[in-house]
Amino acid sequence: MQSITNAIPTGTIAAIPAKAHAHRALIAAALANEPSTILLTRSSQDIDATMDSLCALGAHISYENGSVQVVPGKAPLHGAIVPNESGTTLRLLLPVAASLCDRVDVDAKGHLPQRPLEPLLQEMASHGVTFSQAAPPFTMTGRLEKGTYTMVGNVSSQFFSGLLLAAPQLGHTTIISSTSLESYNYVALTIQVMHDFGVSVVEEGRTKFIIPSTTTFIGQQNYAIEGDWSNAAIWLVGAALTGQPITVTGLDRDSIQADCQITGILERAGCQLVWNGRQVTCHGNAKNPLRIDLGQIPDLLPVLASLACGIPGESAFINGQRLRFKECDRLDAIYHMVRALGGNVRMEGDNLYIQGTGHLTGGTVNCCHDHRIVMAATLAALIAKKPVQFNDAEAIHKSYPEFFNDWNYLGGKAYVI
């Protein structure tokens, strides 16, 4: 069991590489016309799953001393996707694999088989692919065909990103969102990476994407993965909870990553964010309650929920329906986390309301084997009178294997009992 005390972290920490950026860059490199070198200072279980899957689809990948060598290879007629518990790996590679192989075996672990794959599977089925069953493990048969793909945009932006990455192998293809596209910034990140690797996408109004037939991925050398804003938010929120400054280095102030919105959220909450080149420092306690629309930034809910417990008054988190289909039902998991630690929280439909008091009691949390709940529970310990404990700390390896080492490095206290 992991135990976290209220010892306060402070100081300077380097941002880990952005997982969303790494997934997309690795895929683009594996599809390119020549080898690539990708600079990746740290990996994780999810990134490893993408590399393993790309190898099963014909690429040759080696990772050593912070550098990934990606050599594209001839795709086998019968390939595989091995996503482990990575929803991003699965959703991005389903269309990509079907654009390369005649037959693909698809496995999945943990909660991943229960996470939604429609309307992506339906659109793929209408463009030449058949599935042995509706949820993994299954086998895909048939090559994906070019054409027009139309889906609702309020289930997962990853469906659109997967089709975008597959399109250069298909020929002239159009991808349309029939509704407003939630988590649009992740699609924008995909388009940016495709552009970096030589593929142009014509975008019309954030809902229509056209990939011409004369475009192909081009290998890149020393392609750097930018710092991860989703995980940098942990440290910035930690500073906002305690009032002790934390500096995060290696961040792009103008990043396309949606979760860079954490800086504006913290400023509205009363903190001061100071930039110096590619590093940012958070000063001061958050004191203004939050009102957050989760439609474009669902991954920030767990850490912001812990922050809300530290701000007197009611904070509101609305439009959280897609959080029910993450590694766990994150809305429900956060609700129970706050209650277990002595906080005041209520859930109305897909909205969450936290009445902060500035402190928590502490206690034991079920993190539901979800890496982001582990991070949230760790942050909550900063304002808890008693230690916060949980059994499933290993879930952190999904995205941030060195998290507890970094926590202790900054002066926090996390230990195994």
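Predicted model, so just to flag it, every value in this text is computed and none were measured. (Residues numbered from 1 in each chain as written. Predicted model: local features only at pLDDT ≥ 70, side-chain atom pairs only at ≥ 80, totals over all residues. Heavy atoms only, no water.)

Q: So what's going on with the sheet that holds strand 19 (residues 313-318)? Which residues, and what values?
A: Reading across the sheet, the four strands line up as 18-19-21-20 and stay open at both edges, with mixed pairing between neighbours. Pairing within the sheet leaves two strands with one partner each, and these edge strands are strand 18 (291-293) and strand 20 (344-348). Direction aside, the axes of adjacent strands within the sheet are offset by 15° on average. Strand direction decides the pairing type here: strand 18 and strand 19, joined by three bridges, are parallel. Bridge pairing links isoleucine 292 to phenylalanine 317 in strand 19. Lying on the sheet, helix 9 (residues 301-309) is in contact with strand 18, strand 19 and strand 21 (351-356); it crosses strand 21 at an angle near 30°. (Pairing = 2+ DSSP bridges. Helix = DSSP H or I, 4+ residues; strand = E, 2+ residues; numbered from the N terminus. Axes fitted to C-alpha atoms, helices over the stretch in contact; angles between N-to-C directions. Contact = heavy atoms within 4.5 Å.)

Q: Run through the UniProt feature "binding site: 3-phosphoshikimate" (unreviewed entry) in the protein chain, naming residues and quoting values.
A: The sites that UniProt annotates as "binding site: 3-phosphoshikimate" (unreviewed entry) are Lys19, Arg24, Ser156, Ser157, Gln158, Ser183, Asp299 and Lys326. Mapped onto the fold, serine 183 is located in the loop between strand 11 (173-177) and helix 6 (184-196). In this view, serine 183 contacts Ser157, Gly295, Gln296, Pro298 and Arg322; residues no more than four positions away in its chain are not counted. Looking at where aspartate 299 falls in the secondary structure, it is placed in the loop between strand 18 and helix 9. By relative accessible area, which is 14% here, aspartate 299 ends up buried. Excluding residues within four positions of it along the chain, aspartate 299 makes contact with Tyr186, Asp259, Lys326, Arg330 and Arg372. (UniProt positions renumbered as here; feature names shortened; annotations may be inferred. Buried < 20%, exposed > 50% of the residue type's maximum accessible area, 1.4 Å probe, protein only.)

Q: I'd like a description of the UniProt feature "binding site: phosphoenolpyruvate" (unreviewed entry) in the protein chain, backed by residues and values.
A: The sites that UniProt annotates as "binding site: phosphoenolpyruvate" (unreviewed entry) are Lys19, Gly87, Arg115, Gln158, Arg330, Arg372 and Lys398. Along the polypeptide, glycine 87 turns up in helix 3 (residues 87-100). Apart from residues lying up to four places away in sequence, glycine 87 is in contact with Leu112, Arg115 and Gln158. Among the residues examined, arginine 330 registers a relative accessible area of 1% and is labelled buried. With near-sequence residues (within four places) excluded, arginine 330 lies in contact with Asp299, Pro302, Leu323, Arg324, Asp370, His371, Arg372 and Ile373.

Q: Please give an account of unusual backbone geometry that cites residues and values.
A: The step from glutamate 118 to proline 119 runs through a cis peptide bond, and the omega angle for that step is 15°. Proline 137 follows proline 136 through a cis peptide bond whose omega is 5°. Considering the arrangement of structural elements, one finds proline 137 in the loop between strand 8 (130-131) and strand 9 (138-141). Of note in this structure, asparagine 84 is not a glycine but carries a positive phi near 55°. When you line up the elements, asparagine 84 lands in the loop between strand 6 (78-81) and helix 3.

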